[in-house]
Amino acid sequence: MPEYDLLLLRFGEITIKGKNRSRFEKAALSHVKLLLRAYPRTEARKDYGRIYVVLNGEPAHEIIDALKNVFGVTSISPMKTVSSNLEDILSGATSFMKGISWAGEKTFKVSVKRAWKGFPHPSLEMNKLVSTPILMAVPGLKVDVHHPAVNLRVEIREQETYLYTEVIQAAGGYPLGSNGKAMLLLSGGIDSPVAGWSAMRRGLEIECVHFHSYPFTSKKAEEKVLDLARVLSSYVGQIKVHLVPFTEIQTILSQSGHDNLMITLMRRAMLRIATRLAENNGALALVTGDSLGQVASQTLSSMNVIGRATDLPLLRPLVMSDKEEIISMARQIGTYELSILPYEDCCTLFVPKSPATNPNLRIIESAEASLTQLTEEIEKAVQGTETLCIRPDQDIDRSTGEEPVVQDKWF
């Protein structure tokens, strides 16, 4: 395997942002530098449309595994650098190709890009000049310009020349926090962590809101949610989790005599609490894991009535995704195995046999008006919320007093 000097990180959608492009690129660079703190010898710098990470001996592919999760970056290439003169380019390219491990047919082509127009040899001529010593040095190697096993890319710039063969797919989207902040209603299920990842990929900073009902729910259920938040934090460095006490509200709703409306009433209460937390923490939207038609509260009628409980934009990244698509994404981002652990949360309690799928807003509001304690208990839940700051591979410290992140499960 070749030894690499540099990583090239490419931007995607950011490049169409016109005058705002610099702001998005700076946000991506800030995220990259945050993740590079674990590799103190590295240096990161921004160029037009790309970021370079100088490795200085740090492990290339280990760093790539971290940086490919940076939102806004579409691909990464580990590169070898040589001086921009013909002799060094030819010897460097030959040495680079000799270090490649071939798994199948040994075919290659050379693609030269002459970004420095002062270089005396044009690109097409350089393709032939670079290929010749490589063919002589690597036994059994053949040229295939249409379907090569390896495409050696040579990018000639005035200061130095870059050699690379790999283009590794990254997260894409927009940089973390470049489109504002939202509160994710995070449950222990499969959907909401995927919705949170999708929201972060579109440039939203998220804080999580989780609802618990002790003693009806166990500590294992809470630990499961915090582990899910920890997985999400691996994409952004850290995430706040607001733990909301929901026992009294659920008890009031379960004793209200509106069994078939229980889920609708519960979710509206959750949205009210999440809205208050959003206002307290500078968030401008709420994010849920709703998928249209998946369960009773996710019919179009139910989502309409439930959504009327908040004036904030209610974002549903998965609304048109089916369950298999969501499961596939959960596996990809690393939350699926945690999500299927059999620990009940508050939303699996007091579930009616026949939940309403077509609730009437007027009836729901009348039922809420009859629950005289509900507004007071919602305020108590907001005041009693515990905030934790979750980081990857770090124990949770409840003594920090940092702001909380709220989670809940949706039906």
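Basis of the calculations
- Residues numbered from 1 in each chain as written.
- Predicted model: local features only at pLDDT ≥ 70, side-chain atom pairs only at ≥ 80, totals over all residues.
- Heavy atoms only, no water.
- Helix = DSSP H or I, 4+ residues; strand = E, 2+ residues; numbered from the N terminus.
- Buried < 20%, exposed > 50% of the residue type's maximum accessible area, 1.4 Å probe, protein only.
- Contact = heavy atoms within 4.5 Å.
- Areas by Shrake-Rupley, 256 points an atom, 1.4 Å probe, with all protein chains shown as cover.
- Lys, Arg positive; Asp, Glu negative; His and termini not counted.
- Charge placed at Lys NZ, Arg CZ, Asp CG, Glu CD.
- Core = buried A, V, L, I, M, F, W, Y, C linked by side-chain atoms within 4.5 Å.
- Salt bridge = Lys/Arg side-chain N within 4 Å of Asp/Glu carboxyl O.
- Patch = residues over 30% accessible without salt bridge, like charges linked within 9 Å, V, L, I, M, F, W, Y side chains within 5 Å.
- Phe/Tyr/Trp six-rings, centres within 6.5 Å; stacked < 30°, edge-to-face > 60°.
- Lys NZ or Arg CZ within 6 Å of the ring centre and 35° of its normal.
- Axes fitted to C-alpha atoms, helices over the stretch in contact; angles between N-to-C directions.
- Parallel < 35°, antiparallel > 145°, perpendicular 65-115°, else oblique.
- Left-handed = near helix turned anticlockwise from the far one by under 90°.
- Pairing = 2+ DSSP bridges.
- pLDDT = per-residue confidence, 0-100.
- Polar contact = N/O pair within 3.5 Å; in protein donor to acceptor, adjacent residues only side chain to side chain.

**Focus on the overall build of the chain**
When its secondary structure is counted, the chain shows 13 helices and 16 strands. Seen through its C-alpha atoms, the chain measures out along the principal axes to roughly 85 × 40 × 40 Å. The proportion of buried residues among the 411 residues of the chain is 52%. In the chain, once contacts between residues fewer than 6 apart in sequence are set aside, the share between residues at least 24 apart is 79%. Counting only carbon and sulfur atoms, one obtains 50% of the accessible surface of the chain, whose full area is about 18700 Å². In the chain, which carries 46 positive and 47 negative side-chain charges, the distance between the mean positions of the two groups comes to 6 Å.

**Details of the nonpolar core**
In terms of nonpolar packing, the biggest core is built from 42 residues, with Leu7, Leu9, Leu67, Ile134 and Leu152 touching the most fellow members. Setting aside chain neighbours within four positions, we find Leu9 in contact with Val32, Gly49, Arg50, Ile51, Val53, Leu67, Val73, Ser75 and Ile76. Counting 35 residues, the second-largest nonpolar core is a separate cluster that includes Val244, Leu277, Leu286 and Ala309.

**Some details on unusual backbone geometry**
Here Asn56, not a glycine, exhibits a phi torsion of approximately 50°, which is positive. Summarising the element assignment, Asn56 is placed in the loop between β3 (50-54) and α2 (60-67). What makes Asn56 partly exposed here is its relative accessible area of 37%.

**Side note on the pattern of salt bridges**
Under the counting rule described, the total for this entry stands at 20 salt bridges. Close ionic contact of Lys46 with Glu25 constitutes a salt bridge, the shortest N to O distance being 3.4 Å. Of this pair, Lys46 sits in strand β2 (residues 43-47) while Glu25 sits in helix α1 (residues 21-35), placing them 21 residues apart in sequence. Judged by relative accessible area, Lys46 falls into the partly exposed class, the value being 33%.

**Observations concerning a nonpolar patch on the surface**
Residues Leu135, Val143 and Val145 make up a contiguous nonpolar surface patch of roughly 230 Å² in combined accessible area. Turning to its location among the elements, Leu135 is positioned in helix α4 (residues 123-137). Leu135 gets classed as partly exposed once you look at its relative accessible area, which sits at 34%.

**Digging into the packing of aromatic side chains**
This model, assessed by the stated rule, comprises eight aromatic pairs. Seen from their ring centres, Phe71 and Trp197 are 5.9 Å apart, and the 65° between their planes marks the pair as edge-to-face. Of this pair, Phe71 sits in the loop between α2 and β4 (73-82) while Trp197 sits in helix α5 (residues 191-201), and the two are 126 residues apart along the sequence. Taken individually, Phe71 and Trp197 each receive the classification buried, so the pair is uniform in this respect. The lysine or arginine in question, Arg23, covers the ring of Phe24, its NZ or CZ lying 4.5 Å from the ring centre. For the cation-ring pair, Arg331 lies above Tyr336, with the distance from its terminal atom to the ring centre recorded as 4.1 Å.

**Describing the environment of Ala44**
Relative to the helices and strands, Ala44 resides in strand β2. Along the backbone, Ala44 and Ser30 are 14 residues apart, and their C-alpha atoms lie at a distance of 9.6 Å. Aside from chain neighbours lying at most four places away, what touches Ala44 is Leu29, Val32, Lys33, Leu36, Tyr52 and Val53.

**What about the packing of helix α8 (residues 262-280) against helix α9 (residues 300-307)?**
Look at α8 against α9: their axes get within 9 Å of each other, and the N-to-C directions meet at 40°. Classed by the angle they form, the pair α8 and α9 counts as oblique. Where α8 crosses over α9, the two elements pack in a sense that is right-handed. Here Thr264, Arg267, Arg268 and Leu271 of α8 lie close against α9, whose contacting residues are Val305, Ile306 and Gly307.

**Remarks on the pairing of β2**
Where β2 lies against β3, five bridges are found, and the strand directions are antiparallel. Paired with Asp47 across the strands is Arg50, a residue of β3.

**A closer look at the confidence of the model for the chain**
The predicted structure's coordinates, where accompanied by low pLDDT, should not be read in detail. Looking at the chain as a whole, the pLDDT averages 90, with 92% of positions reaching at least 70. Of the regions scoring below 50 in pLDDT, residues 399-411 engages in 86 contacts with residues more than four places distant in sequence or in other chains.

**Section: the side chain of Ser178**
Summarising the element assignment, Ser178 is placed in the loop between β9 (168-169) and β10 (181-185). Within polar-contact distance, the side chain of Ser178 engages the backbone oxygen of Pro175 at 2.7 Å. The contacts of Ser178, once residues within four sequence positions are left out, are Arg23, Phe24, Ala27 and Gly203.

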